[in-house]
Every structure is written in structure tokens, then in C-alpha cells.
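Each chain, letter by letter, is given below.
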Amino acid sequence: MSHTHDLAGFLAGLRYADLPESVLLRTQELFLDWLGSALAAQGAHPIPLFEAYARHMGPASGPARILVNGAGSSAYFAALVNAASSHLVEQDDLHNSSVLHPATVVFPAALAAAQDLGKSGRELLLAAVAGYEAGIRIGEFMGRSHYRIFHTTATVGTLAAAVAVGKLMEFDSEQFINLLGSAGTQAAGLWEFLRDAADSKQLHTAKAAADGLLAAYLTWDGLSGARNILEGEQGMAAGMSRDAEPALLSARLGSRWALLETSFKFHASCRHTHPAADALLEVMQREGLEHGQIARVLTRVHQGAIDVLGRVQVPQTVHQAKFSMGTVLGLIAVHG
């Protein structure tokens, strides 16, 4: 429990002046990368379904902007659609050790809330840093056993989004504890969708951002949440992990800026395919090979990659193909 409370205290006390210039510059770059990822999904299935849902269930206009169509809506529905769209082309950022795509959940919630609340660019940057630092540490705490079954960006992403909005609302440590409780009890997202080429991956990030925002707004109004949602006997780690390490929640807070460890994706596919894709491209260029000269490719990967990529045998959709090592290497071989 103490690690959760240490994290909450850090988040409450974090100030813009505390952020190194390198962190601020990287946050701006991450935001721009996220913005491009969101806009790239314009018109692509299933994003119009989320847009239609927002039109049907949400207000006709509002202070928060839905990026793919420019419409104004409530913060909730803007966060929902923007989080779905930014996770479609598979080019949003990644933090390795937490196996988390922070941008696609943190920025949709933070931007929508900042527009709703009339916050400044500085306040948005501070909120994003808080969301990244909390989300990454919670992802590391949950461990790789969590990732084998649960889509970490969906589960942990709910808390990361909530923290970013809570920071915009200037929560104190008690409010952050309650916020984590209300966000954590909503955390969900299972990998089974990948076997069926289902559209759930975008639903995962949409719900994570929107539910995180929901938790923050309700906490702001006084809703209480579980005080030990992460480390408790019936908390997230107890139900969703076999290798959780509580100390990772509070390790090196304020000295290690985990946001700086987040990387960009240069291929529009699952990050687990990238090392092999880069290696194949390098050897083909070095040896002057054409794809017709390659009989087969054997690539060695870590267990986490097998857990995800092994679910796709013969891709049925473009999005499922992004999780097929064979498809990605074939595209690299033929098109570079």
C-alpha cells in the first residue's frame, strides 16, 4: 500500500518547474507523433463507428475536438474517439519494459479535458508527463504475466489517462488515491480479439481514455475509490498478475523520467515485429538481395513477442496483418 501512496504523493506534488527541458521537449514530440497517428486513421474502419456512436450518444457540439472529423463534443466522447483513432495504424509510441503505448490513452484524455476546462499548454504538458510516469510504473509493476492475457494499454491505460486528467484538476494525494481506485476497478482489455481479427483493440484504448476521464471527473465531485487498488488483496495485481513488483510503483520517482524511455515506431505494425524487420532490411541492403532470392526467413524473438504474434496464423484483415511476422517481413522484403 505504501508504494501506491508514494506514487500518489509524487503526482500531487509534481510541478511544471520540476520538469527537465529534455522531458518537456520529448513530451512535445510525443504529442506530435500521437496527433499524426490519430489523423492517419481518418475514414478507416472501425473509426467511423466510434464517430457515429459519439454523434448518437453525445452532444451535438462541445468544447473538445474530435480530430478525425473536426467536430466539437464533450470531453468524454472526444477522448473516446481520439483514443480509438490514434491506436489504429499501429504507429503510436511504445514504452518497452511496461509494454505500454502511453500516448494513445494519455493524450486523448488530457487534451479533451484541457479543452473542456480551459487549461493552458503548460498545464497539458505537465498532465501528460504525470500520466506517462504513473502509467509506465504501473505497467512495470503489473509485470509480463499480465501482458500475456491482458492488453496493458487497455488496463493500465485507464489509470494513466485518469492520472493525466487528475493532474489537470490539480488533485492532492488523497484525490489521486481515490482516482486510482476508481480507474483501476474499470480496467479491462483481453488479447483474445486478435485471434478473430476483431476490432476490439480500438475499443480498448477508447474505453481506457474515456473511463480514465470519467474516474477523474467523478473524483473531482467527491466519488471515493479503493485506497489500495494496485497492491490490495483483491486489487489489480491480485487478479491480473503473477509477477507483480510493488516497489516498481515508486522507484526513483523524480529522478528517473520514464517518459524519456518511450520510443517512436518507424513501421506501422506491432512493435514486436520491428527488430526482425530492421534486421531483414539491413541484410538485404548489405548483400544486395532481392525478395525473389530469399527462400525463407527464420527470426528469433522473446517470449512476449510469441505470446502476441503467435495468435495470428493467416491474417484476415489489414490490422491483423500488422501482428503477423510473416506478413511484415514479406512487405519489408518486397517493398523495403
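This structure is a prediction, so every number in the text was calculated from the model and none was measured. (Residues numbered from 1 in each chain as written. Predicted model: local features only at pLDDT ≥ 70, side-chain atom pairs only at ≥ 80, totals over all residues. Heavy atoms only, no water.)

Caption draft 1: Geometry of the overall build of the protein. Looking only at helices and strands, the protein has 14 helices and two strands in total. Its C-alpha atoms give the protein a radius of gyration of 20 Å, within 12% of the compact-globule value 20 Å for 336 residues. Across its three principal directions, the C-alpha atoms of the protein cover 65 × 45 × 40 Å. Summarising the internal contacts of the protein: among those between residues at least 6 apart in sequence, 79% fall at separations of at least 24. When the accessible area of the protein is evaluated, it comes to approximately 14,100 Å², of which 54% is carbon and sulfur surface. Where the 24 positive side-chain charges of the protein centre and where its 31 negative ones centre are 3 Å apart. (Helix = DSSP H or I, 4+ residues; strand = E, 2+ residues; numbered from the N terminus. Rg over C-alpha atoms; globule rule 2.2 N^0.38 Å. Contact = heavy atoms within 4.5 Å. Areas by Shrake-Rupley, 256 points an atom, 1.4 Å probe, with all protein chains shown as cover. Lys, Arg positive; Asp, Glu negative; His and termini not counted. Charge placed at Lys NZ, Arg CZ, Asp CG, Glu CD.)

Caption draft 2: Looking closely at the packing of aromatic side chains. Under the criterion given, the structure shown has twelve aromatic pairs. Arranged with centres 5.3 Å apart and planes meeting at 80 degrees, the rings of Phe31 and Phe107 form a pair that is edge-to-face. Of this pair, Phe31 sits in helix H2 (residues 21-39) while Phe107 is found in helix H5 (residues 103-117), placing the two residues 76 residues apart along the sequence. Given a relative accessible area of 22%, Phe31 falls into the partly exposed group. Their ring planes at 80 degrees and their centres at 5.2 Å tell us that Tyr76 and Phe77 sit as a pair that is edge-to-face. (Phe/Tyr/Trp six-rings, centres within 6.5 Å; stacked < 30°, edge-to-face > 60°. Buried < 20%, exposed > 50% of the residue type's maximum accessible area, 1.4 Å probe, protein only.)

Caption draft 3: Looking closely at the packing of H5 against helix H9 (residues 200-220). It is the contact of H5 with H9, at a shortest axis distance of 8 Å, that shows an interaxial angle of 45 degrees. Considering their axes alone, H5 and H9 lie oblique with respect to each other. As H5 packs across H9, the resulting crossing turns out to be right-handed. Across the interface between the two elements, Thr104, Val105, Pro108, Ala109, Ala112, Ala113, Asp116 and Leu117 of H5 pack against Thr205, Ala208, Ala209, Leu213, Tyr217 and Trp220 of H9. Each residue belonging to the contact of H5 with H9 can be placed in one class, and the counts come to eleven nonpolar, two polar and one charged. (Axes fitted to C-alpha atoms, helices over the stretch in contact; angles between N-to-C directions. Parallel < 35°, antiparallel > 145°, perpendicular 65-115°, else oblique. Left-handed = near helix turned anticlockwise from the far one by under 90°. Nonpolar A, V, L, I, M, F, W, Y, C, P; charged D, E, K, R; others polar.)

Caption draft 4: Just helix H14 (residues 325-335), in detail. If you check which residues of H14 are buried, you get Met325, Val328, Leu329, Ile332 and Ala333. The buried residues of H14 occupy an angular sector of 135 degrees when the element is viewed end-on, so they sit on one face. Turned more than 90 degrees away from the buried face of H14 sit Gly326 and His335, all of them exposed. Of the surrounding elements, those touching the buried residues of H14 are helix H11 (274-287), helix H12 (303-309) and helix H13 (318-321). (Arc of directions from axis to C-beta.)

Caption draft 5: View of the side chain of His319. Its place among the elements puts His319 in helix H13. At 3.4 Å, the side chain of His319 forms a polar contact with the side chain of Gln202. Ignoring sequence-local partners within four residues, the contact set of His319 consists of His87, Leu88, Glu90, Lys201 and Gln202. (Polar contact = N/O pair within 3.5 Å; in protein donor to acceptor, adjacent residues only side chain to side chain.)

Caption draft 6: Spatial organisation of the packing of helix H7 (residues 152-168) against helix H8 (residues 173-184). Where H7 contacts H8, the two axes come as close as 9 Å, and the packing angle between them is 145 degrees. In the packing of H7 onto H8, the handedness of the crossing is right-handed. Listed contacts from H8 to Thr158, Leu159, Ala162, Val163, Gly166 and Lys167 of H7 are Phe176, Leu179, Leu180, Ala183 and Gly184. Of the residues belonging to the contact of H7 with H8, the class tally is seven nonpolar, three polar and one charged.

Caption draft 7: Structural detail: the side chain of Thr158. Mapped onto the elements of the fold, Thr158 is located in helix H7. Once residues lying within four places of it in the same chain are set aside, the contact partners of Thr158 are Thr153, Ala183, Gln186, Ala187, Ala208, Asp211 and Gly212.

Caption draft 8: Just the environment of Leu230, in detail. In this fold, Leu230 is placed in the loop between H9 and helix H10 (236-240). Sequence spacing of Leu230 and Gly310 is 80 residues, and the spatial spacing of their C-alpha atoms is 29 Å. Setting aside residues up to four positions removed in sequence, Leu230 forms contacts with Thr4, Ile138, Phe141, Leu159, Met236, Ala237 and Leu249.

Caption draft 9: Looking closely at unusual backbone geometry. Following His45, the chain continues into Pro46 via a peptide bond in cis, with omega recorded as 5 degrees. One can find Pro46 in the loop between H2 and helix H3 (47-57). Positive phi, normally seen in glycine, also occurs at Val99, with a value near 50 degrees. As for its position among the elements, Val99 is in the loop between helix H4 (75-85) and H5. For Glu170, which is not glycine, the phi dihedral falls at a positive 60 degrees. Relative to the elements of secondary structure, Glu170 occurs in the loop between H7 and H8.

Caption draft 10: Region of the structure containing the pattern of salt bridges. Per the counting criterion, the structure on display carries twelve salt bridges. A salt bridge links Lys119 to Glu123; the shortest N-O distance between them is 3.9 Å. For Lys119, a relative accessible area of 26% puts it in the partly exposed group. On the basis of relative accessible area, Glu123 is assigned to the partly exposed category, the value being 29%. Its salt-bridge partner being Arg195, residue Glu192 comes within 3.1 Å of it at the nearest N-O pair. With a relative accessible area of 46%, Glu192 lands in the partly exposed category. A relative accessible area of 46% means that Arg195 is categorised as partly exposed. (Salt bridge = Lys/Arg side-chain N within 4 Å of Asp/Glu carboxyl O.)

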